[in-house]
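Below, each chain spelled out in residue letters.
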Amino acid sequence: MNTAKLAYRPVGLVLGAASGLAAGQLFKQAWKILGHEGDAPDAMDEDRSWREILLAAAIQGAVFAAVKAAVDRAGATGVRRLTGTWPA
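Residues numbered from 1 in each chain as written. Predicted model: local features only at pLDDT ≥ 70, side-chain atom pairs only at ≥ 80, totals over all residues. Heavy atoms only, no water.

1. What to know about the packing of aromatic side chains
Turning to step 1, where the next piece is worked out: In total, this model carries one aromatic pair according to the counting rule given.
Turning to step 2, where the next piece is worked out: Ring geometry for Phe-27 against Trp-31: centres 6.1 Å apart, planes inclined by 40 degrees, an arrangement best described as tilted. Within this pair, Phe-27 and its partner Trp-31 are both found in helix α1 (residues 3-33), separated by four residues, close to a single helical turn. (Phe/Tyr/Trp six-rings, centres within 6.5 Å; stacked < 30°, edge-to-face > 60°. Helix = DSSP H or I, 4+ residues; strand = E, 2+ residues; numbered from the N terminus.)

Laid out in structure tokens, this is it:
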């Protein structure tokens, strides 16, 4: 395992946890902006429609994927600046 990969491993773990928290907050705000009151529905929420549940899941997945990609890319770029090599 090269130095860049080793240097990125702990950075990646910390960034992954932070991105999960940030994505969760971003999704909650996006759900409110879309005009839905309260928390997003859970798949087992009997009182919510299929449409609302699937819409919430699709938005949540998109937000989490976008935040993870942005954070992973920023972390890898930072490691390259520090070590001179790309970590992946």
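2. With respect to the pattern of salt bridges
Turning to step 1, where the next piece is worked out: Counted according to the given criterion, the structure contains three salt bridges.
Turning to step 2, where the next piece is worked out: The salt bridge involving Arg-48 is made with Glu-52; its shortest N-O contact spans 3.3 Å.
Turning to step 3, where the next piece is worked out: Exposure remark for Arg-48: the relative accessible area of 24% places this residue in the partly exposed category.
Turning to step 4, where the next piece is worked out: Look at Glu-52 and you get partly exposed, because its relative accessible area is 22%.
Turning to step 5, where the next piece is worked out: Residue Lys-68 pairs with Asp-72 through a salt bridge whose shortest N-O separation is 2.6 Å. With Lys-68 and Asp-72 both in helix α2 (residues 50-83), this residue pair falls four residues apart, about one helical turn.
Turning to step 6, where the next piece is worked out: The class of Lys-68 is partly exposed, set by a relative accessible area of 47%.
Turning to step 7, where the next piece is worked out: One salt-bridge network, held together by shared partners, links Asp-45, Arg-48 and Glu-52. (Salt bridge = Lys/Arg side-chain N within 4 Å of Asp/Glu carboxyl O. Buried < 20%, exposed > 50% of the residue type's maximum accessible area, 1.4 Å probe, protein only.)

3. Quick look at the environment of Gln-25
Turning to step 1, where the next piece is worked out: Relative to the helices and strands, Gln-25 is located in helix α1.
Turning to step 2, where the next piece is worked out: According to the relative accessible area criterion, Gln-25 is partly exposed, its value standing at 47%.
Turning to step 3, where the next piece is worked out: Between the alpha carbons of Gln-25 and Val-63 there is a distance of 10.0 Å; along the sequence they are 38 residues apart.

4. Here's the deal with the environment of Ala-18
Turning to step 1, where the next piece is worked out: In this fold, Ala-18 is placed in helix α1.
Turning to step 2, where the next piece is worked out: The exposure class assigned to Ala-18 is partly exposed, which follows from its relative accessible area of 41%.
Turning to step 3, where the next piece is worked out: For the pair Ala-18 and Lys-68, spaced 50 residues apart in sequence, the C-alpha to C-alpha distance is 9.5 Å.

5. Digging into the nonpolar core
Turning to step 1, where the next piece is worked out: Residues Ala-23, Phe-27, Trp-31, Ala-56, Ile-59, Val-63 and Val-67 constitute the largest nonpolar core, which totals seven residues.
Turning to step 2, where the next piece is worked out: Contributing elements (two or more residues each) for this core: α1 and α2.
Turning to step 3, where the next piece is worked out: A total of four residues in this core trace back to one element, the largest contributor, which is α2.
Turning to step 4, where the next piece is worked out: Residues within four places of Val-67 in sequence aside, it is in contact with Ser-19, Ala-23 and Leu-26. (Core = buried A, V, L, I, M, F, W, Y, C linked by side-chain atoms within 4.5 Å. Contact = heavy atoms within 4.5 Å.)

These results come straight from atomic positions and should not be treated as a statement about function.
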